[in-house]
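Architecture at a glance
Each chain, written out:
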Amino acid sequence: MIIAGTALAAIIAVQFFLISGLYRLRTRELDDTYRQEIIKGMELLQKQYHTTGFDSAYALIDYVAMNLLQEHSQGPADSALHSSDEQTLSYIYHILRRYDMLTPFLKAYFQVSGMEDDFREYILIREFILLDPGGEIRIKGDTLEITTTKAGNSPYYVNSFRSEGNFYRLDFDYYIDLSHKARIIFRNMTGALLLSFLSILITGIIFFVTLHNMLKYKQLSMVKTDFINNMAHELKTPLTTIAVAAGTLEDPAVLKDAEKTAGLVSLIRQQNQHLGKLIDHILDINLWEQDQITPHKKNIRLKEYLEKILAAFRIENKDKEFKLGESLELNEEQAYLDEFQFSLAIRNLLGNALKYGGDPPEIGFSATIKDRKLLIRITDNGTGIPEKEKEHIFEKFFRGKGSQKHVKGLGLGLYYVKKIVEMHHGTVTLEEGTDRGSVFVVALPL
Ligand code: ADP
């Protein structure tokens, strides 16, 4: 299990490693493609329209520069101009952005080339110089910084522009940032992602199915071992009794005593019958498994039938101390059932109430008709069934933890009860007991 778990973790890690490698590769590919396309786009703009895309902006900046220079010549010292460096730069920056033709051109170009055109442009002014006849007035453009995008993408550097007018010189860089870069890359990787997800899913499913089967197999083998131990124990008791009885019979003194001999012979016969029943039980398991038990159903008057079963149960257990309270709210109702099999189911339930009942056992048996169904309730005053065992009690060979030590059994009784009741299209359920004991309810459609 540890090996399988480690293998699963390793597969997930390898898939993660492969996918992240692929993501990096695709990012590089995308960056290269966009860079090449941007260069091509700019060349086209230059060749066909003889512009860099900022010509209108340059004209306006020249005009602004002229005004600035005029202000400067009228103003007191350059301190006045210096104090508004930032304003000047931001003004120039806005002109560049407002009259930028490169961005819409690139967008159109990308669209035509079938590429993602949802990008944002960044302009970084490196230097702006006013060309004053008395000397250059330099305004360093280091205040405008490109902030990295939310997704952590780094914008593409597209080009550095230098422009010189009559009154200014300007250096700035142009960047673009694809807003949905990650989405584009993931879209390109859909196939690989799907395959990787599928392989993890399939491996996971195989892992859990194997684990489930292993646990089931382990549980089954434990149950079988328990069964074999119980069986050996159950078979040994009558065999020992027979051996002791036979040994006693070998004594000539005992043989002479006719009454004693008869008693011993009857004991041997009883134990022999018990052994036979045990063996039949085991043989029956196979027949039930293969659904080879054919019911011999006939119409039976319920009241007399159930009374007979209860009377036989009392006789069978006459040497035990117990109370059996019965309430049969029945009249002439009949049911179509296999007399022998159904009585076996009821006897098993009564037998369990006796085995697992209190000290002394108090068994309740009631039968009534409701909604065209025969409802039989069998109650006892035992310790009941622990919550976590409830869902297992009808399973083949299942024996409660507490029962295994103190009470004899093979874990087959309730398994038979369920099979028999189902053969009659009915249900057997364990009801929530009120205080102590268990309540089994058999419902049989009439
Ligand atoms: P067995 O009695 O041979 O163990 P069963 O199939 O009849 O096998 O019962 C399965 C388990 O269900 C028992 O081992 C016991 O733990 C529990 N059980 C059955 N009937 C009762 C009952 N009336 N009260 C408490 N526990 C019960």
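This report concerns the structure included in the present document. (Residues numbered from 1 in each chain as written. Predicted model: local features only at pLDDT ≥ 70, side-chain atom pairs only at ≥ 80, totals over all residues. Heavy atoms only, no water.)

**Here's the deal with helix α10 (residues 302–316)**
To keep things clear, this is the line we draw: Numbering of helices and strands runs from the N terminus; a helix is a DSSP stretch of H or I covering at least four residues, while a strand is a stretch of E covering at least two. The length a helix should cover is 1.5 Å for every residue beyond the first. Each residue is placed in one exposure class: buried if its accessible area under a 1.4 Å probe, protein chains only, is under 20% of its type's maximum, exposed if it is over 50%, and partly exposed if it falls in between. By construction, the arc corresponds to the directions joining the helix axis to the C-beta atoms.
Its 15 residues place the ends of α10 21 Å apart at the C-alpha level, agreeing with the 21 Å of an ideal helix rising 1.5 Å per residue. Among all positions in α10, only Leu302, Tyr305, Leu306, Ile309, Leu310 and Phe313 are buried. End-on view of α10: buried residues confined to an arc of 130°, all on one side of the axis. Residues of α10 that are exposed and angled more than 90 degrees away from the buried face: Lys308 and Ile315.

**Digging into the nonpolar core**
Defined as follows: We define the nonpolar core as a collection of buried residues of types Ala, Val, Leu, Ile, Met, Phe, Trp, Tyr and Cys that are connected through side-chain atoms lying within 4.5 Å of one another. Any two residues whose heavy atoms approach within 4.5 Å are treated as being in contact.
Leu306, Leu350, Ile363, Phe365 and Ile376 are the most contacted members of the largest nonpolar core, which has 50 residues in total. Of all the elements, helix α11 (residues 339–356) adds the most residues to this core, at eight residues. With residues near it in sequence (within four places) discarded, Phe365 still touches Leu306, Leu310, Leu324, Gly325, Glu326, Ser327, Leu328, Ile346, Leu350, Ile376, Arg377 and Ile378. Core analysis: the next-biggest nonpolar cluster, separate from the first, contains 44 residues, Leu30, Phe54, Ala65 and Leu170 among them.

**Section: the environment of Pro133**
With respect to the helices and strands, Pro133 occurs in the loop between β1 (119–132) and β2 (135–140). Given a relative accessible area of 82%, Pro133 falls into the exposed group. Once the C-alpha coordinates of Pro133 and Phe167 are considered, the two residues, 34 residues apart in sequence, prove to be 9.2 Å apart.

**Concerning unusual backbone geometry**
Here the bond from Asp359 into Pro360 is cis, since omega is 0°, no more than 30 degrees from zero. Within the secondary structure, Pro360 sits in the loop between α11 and β8 (362–370). Positive phi is not limited to glycine here, since Arg372 has a value of about 55°. Looking at the element boundaries, Arg372 is found in the loop between β8 and β9 (373–379).

**Some remarks on the site of the ligand**
Put simply, the test is: Summary of the distance rule: residues count as near a molecule or strand when at least one heavy atom falls within 4 Å of that molecule or strand. We define a polar contact as two N or O atoms separated by no more than 3.5 Å, with the added condition that, inside protein, one atom must be a possible hydrogen donor and the other a possible acceptor, whereas residues neighbouring each other in sequence contribute only through side-chain atom pairs. Note on areas: Shrake-Rupley, 1.4 Å probe, and residue coverage restricted to the protein chains presented here.
Every one of the 19 residues lining the ligand counts as a neighbour, but Tyr356, Asp380, Arg399, Ser403 and Leu414 are closest to it. For the ligand, an oxygen atom lies 2.5 Å from a polar atom in the side chain of Arg399. In the model, a nitrogen atom of the ligand is placed 3.1 Å from a nitrogen or oxygen of the Ser438 side chain. Across the complex, the protein chains shield 96% of the 530 Å² of accessible surface that the ligand would expose by itself.

**Some thoughts on the pairing of β2**
Put simply, the rule is: Strands were regarded as paired on the criterion that DSSP finds at least two bridges between them.
The pairing of β1 with β2 spans six bridges and is antiparallel. The residue bridging Leu130 from the neighbouring strand is Ile137, located in β2.

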